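Take a look at the letters that make up each chain.
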Amino acid sequence: MKLSMQILTKLLAAFVSAGLMVSLGGCEGQVPKVQKSSSNSSSSSIGTPNLTTGQEAAIRKEIGQVLDKANESKDPAGLGDRVTGPQLQIRTSELEIAKVTGNLDPKTTIPSGLAQTVIPTNPGWPRSVFSITTTTQDQQSKRLLVLTQESARENYKLWGVTRLFQGAQLPKFPVPSIGSQMGSPDDKGLKTTPVEAVRHYADLLQNPDSSQYAKEFASDDFRTSMANLTQTVQKGIEANKGTQNQTFTPQTDQIRVMHSSEGGDLVVAQINSVWTRQAGEGRESSPASDAEKALFGNAKATSAMKVTYVNVIALYIPSSTSQEQIHAVGAEREPVKVEAI
Amino acid sequence: MEHETDGNERESLRAKPSRHSTIMRGIVTPIFGLLAVTCIVLGVMNATVWKPSPHVDARGRADSTYLVTDPGVLSLVNKRVTARAAVETSGASAAGSETKKIPICMALTTAQDARGWTSGQNVSRISGLDSWQSLHVTQAGSSGKTNQVKDGAVSFDKSDMWQQVKCGKTSVSMEVKVENPNQVILVEKGSVQNGDTTSGSKSGVTLEMLWERDQLPDFSMPFYFGGALLAVLALLSATVFAMEPSRRRKRNANKEENSQEIQVSVAQALGSIVLPGIGRKVTKRGSGRYRRRARDYSGSGFDNGHKELSEEPSSMKNANQPRVIDPQSRNVLAEPEVARHPVEPDTGKTLSESVGDEYSSQQTGMFRDSDSSSAPGHSGHMTYAAARGDDSARTMGRAGSDSPDRQTDELYERVDGQSVLKDTGDDRAETSVISMDDMRDYLARFANEEEELQEEEGEEEER
């Protein structure tokens, strides 16, 4: 009897298991569910870069095509698609000069090769991308390009171009597959906030000998060349008992900041300057350079001349704990308006 | 003898199979067999006809201009997905003579970019799979006012933000390989650029997502396992379980005995060639029978030992079983005393053999002495002999007995005119195998003693 009970239990177990298996058969299996937690946490903590390197290259290519087209026709009309900000003003001026002189200044060349790109992960707008090109074919220095996207519905445009100084040390940035962080004009934890640094630099440019901020900044090629230029012009002006005056005005809304991985900020900002030259002794004040001459054109010269320049400066501001000074790494200077007053 | 009884039993069982066996073989085994076959068949069906389809085609429908998937939805089933979006033209709009072709665009982008593009707009979200055929769609909130798109805005297909973009008239299809869980698909219906915000507002968008499943659930393996298990059960119930439990046990016991016997025989054979006495070590201790056999084999040479082994198989077999003393099954040749003197003429021992036996018994005499010190039954025997007579009468002489009956001389000694079993000094006395004649004599003597005792007691009482 015991044995038959064992047999019965075995049979029962077999039937029950068979029944379970039959109910499973014919199903497709469970529908997969979205793993929400993992995706949310990963996107918020690390973030994905806003562009892939492929997308950035495509954008630069498009910009290059627009620029090339404008270069060929010497017509700045189509620039607005892909150029904005200070670069739009500079490029327009360069094209007008080229129209007169027949050739573009060599400094306007933007190489198509890429040395480094810095792509942020910040999800909002406006967004910037800092790209550093290779050197030009005629061994000019690398260009630092700043591309910006003002809103989600707009495309990236070339906002600013600075020519990097020879031997300038750029800070380190994370690789584009990881992405970096954009900064803001009032970042704390640095030697000065970015907007303050630009103001101090403008002051230093205006008053190279008497500025109180001279100690904050290391010497750089731009200030050196500015000093040389002013000295040269000063000699000429003193010869005919004239005066000259330069005022530098930082454009505080035209500033782009990127955090470097060393703790400091790379800042690209626009500083407008106005150069007023007064010729003495009833002389005429004439344009000081070929560019000014081209812009001035056939206008009537008077004793005073006012030239408006657009300067774009790239500054590296170290963190407040660093021993370094703020130093400029690149600059661009272009006369945009020449008028006799 | 047990062999014979086993055989008888087996034959008697085969003659009439028990009810247990019929049930097992006739009912249970077919049931199990049938279940096993059913399981295998179901397994095969699940592997072929009922195999889950690897194609997944899920659809979702929305009415808003924008449709976006949630992060993670694209790679729900597989990293590769084909997404198709189509504009549904409702029947009412067909009333107009021109059927407007509403363009539709689809882009692969990151979740934040899609959010930026559709900020201020009505967006329907696809958050997952409701079933294998339908997507879960969360319809857009019906906020009446949507932000007007600026003039400087770029068209959908020209935007820099998309990683992949495709546009089409009324329908568009795109193949995507998802690398990032943050990637989503954004669908825009109608072209909003021209300020034509009403186009397509009455038609819906269907989004279809097609995957190929890499891992299909395997429902046939459990069936195969079950089938194999049931087949094994069927086999067992036809063979092992069908037998009587008692027979199974006995068979196990027989197996053990056989193995033991074989063990001893091989060891013994080897031992007698290689080292005398090595066979003895292998055997079990504790029973006089084994020790006796070992002693026999140790010095007597291979042939002799072998012969004696073959002549007494039954006594070894009973080592684990309760000792059954059958006075009839005594092996006369194995007893050293008898072997020394070939009294029974039918044994036909030769002179050389008897000499050999004498030698062996000399050896055994040595061993006997050593054994006697440890024999517990020895003292019992002694006391009995002592009770019967005093020590002086006891002689352990071998030769020089003037009794014509040499056998009785060696086995028995004369104590007070009575023939008494000699104290041979080994503990065979516990369970000794004796002949029927001896047994009768012994019993007769015992009866006589009783009478004498009673007479003595009677005499004493009378005194």
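Summary of the structure given here. (Residues numbered from 1 in each chain as written. Chains lettered and ligands numbered in written order. Predicted model: local features only at pLDDT ≥ 70, side-chain atom pairs only at ≥ 80, totals over all residues. Heavy atoms only, no water.)

Residues and elements named next belong to chain B. Summed over all chains, the structure comprises one disulfide over all chains. Shown here is the disulfide that connects Cys105 with Cys167, its sulfur atoms set 1.7 Å apart. Disulfide Cys105-Cys167: torsion about the S-S bond near 110 degrees, hence right-handed. Placement of the pair is Cys105 in strand E4 (residues 103–110) and Cys167 in strand E7 (residues 164–169), with a sequence separation of 62 residues. Cys167 gets classed as partly exposed once you look at its relative accessible area, which sits at 37%. (Disulfide = S-S within 2.5 Å. Helix = DSSP H or I, 4+ residues; strand = E, 2+ residues; numbered from the N terminus. Buried < 20%, exposed > 50% of the residue type's maximum accessible area, 1.4 Å probe, protein only.)

Here the focus is the interface of chain A and chain B. Contacts between the two partners involve 40 residues from chain A and, on the opposite side, 51 residues from chain B. Each partner contributes to the roughly 3,600 Å² buried at the junction of chain A and chain B, and carbon and sulfur atoms together form 63% of this total. There are two salt bridges connecting chain A and chain B. The tally of links between chain A and chain B comes to 13 residue pairs in polar contact (both at pLDDT 80 or more). Counting residues per element, the ones that place at least two in the side of chain A that touches chain B are helix H1 (2–24), helix H2 (36–45) and helix H3 (53–73) of chain A. The element that contributes the greatest number of residues to the side of chain A that touches chain B is H1(A), accounting for nine residues. Looking at the side of chain A that touches chain B residue by residue, the classes come out as 18 nonpolar, 14 polar and eight charged. (Contact = heavy atoms within 4.5 Å. Buried area = accessible area lost by both parts, 1.4 Å probe. Salt bridge = Lys/Arg side-chain N within 4 Å of Asp/Glu carboxyl O. Polar contact = N/O pair within 3.5 Å; in protein donor to acceptor, adjacent residues only side chain to side chain. Nonpolar A, V, L, I, M, F, W, Y, C, P; charged D, E, K, R; others polar.)

Moving on to the sheet that holds strand E1 (residues 55–62) of chain B. All names here are of chain B. Pairing is antiparallel across the open sheet formed by four strands, whose spatial order is E1-E10-E3-E8. In the strand order of this sheet, the two ends are held by E1 and strand E8 (171–177), each with one partner. The sheet shows a mean angle of 15 degrees between the axes of neighbouring strands, taken without regard to direction. The pairing of strand E3 (residues 80–88) with E8 spans seven bridges and is classified as antiparallel. Bridging from a neighbouring strand, Arg80 pairs with Lys177 of E8. (Pairing = 2+ DSSP bridges. Axes fitted to C-alpha atoms, helices over the stretch in contact; angles between N-to-C directions.)

Take the packing of aromatic side chains next. By convention here, two paired aromatic rings are described through the distance between centres and the angle between planes. The tally for this structure, following the rule as stated, stands at five aromatic pairs over all chains. Between Trp275(A) and Tyr309(A) the ring centres are 6.3 Å apart and the planes differ by 50 degrees, which places this aromatic pair in the tilted class. Residue Trp275(A) is found in strand E6 (residues 265–278), and its partner Tyr309(A) is found in strand E7 (residues 304–317); the two are separated by 34 residues along the sequence. Assigned by exposure class, Trp275(A) and Tyr309(A) land together as buried. Residues Trp117(B) and Phe156(B) carry aromatic rings whose centres are separated by 5.7 Å and whose planes lie at 90 degrees to one another, so their mutual orientation is edge-to-face. Placement of the pair is Trp117(B) in helix H3 (residues 111–117) and Phe156(B) in the loop between strand E6 (135–138) and E7, with a sequence separation of 39 residues. We note that Trp117(B), like Phe156(B), is buried. Among the aromatic side chains, those forming a connected cluster through ring pairs are Trp117(B), Phe156(B) and Trp162(B). The lysine or arginine in question, Arg153(A), covers the ring of Trp117(B), its NZ or CZ lying 4.2 Å from the ring centre. (Phe/Tyr/Trp six-rings, centres within 6.5 Å; stacked < 30°, edge-to-face > 60°. Lys NZ or Arg CZ within 6 Å of the ring centre and 35° of its normal.)

Further remarks concern the side chain of His200(A). Residues and elements named next belong to chain A. With respect to the element layout, His200 can be found in helix H5 (residues 194–206). Residue class for His200 comes out buried when judged on its relative accessible area of 8%. Excluding its chain neighbours within four sequence positions, the residues that come into contact with His200 are Thr192, Tyr213, Glu216 and Phe217.

So, to be careful, I would describe these as geometric facts and stop short of saying anything about function.
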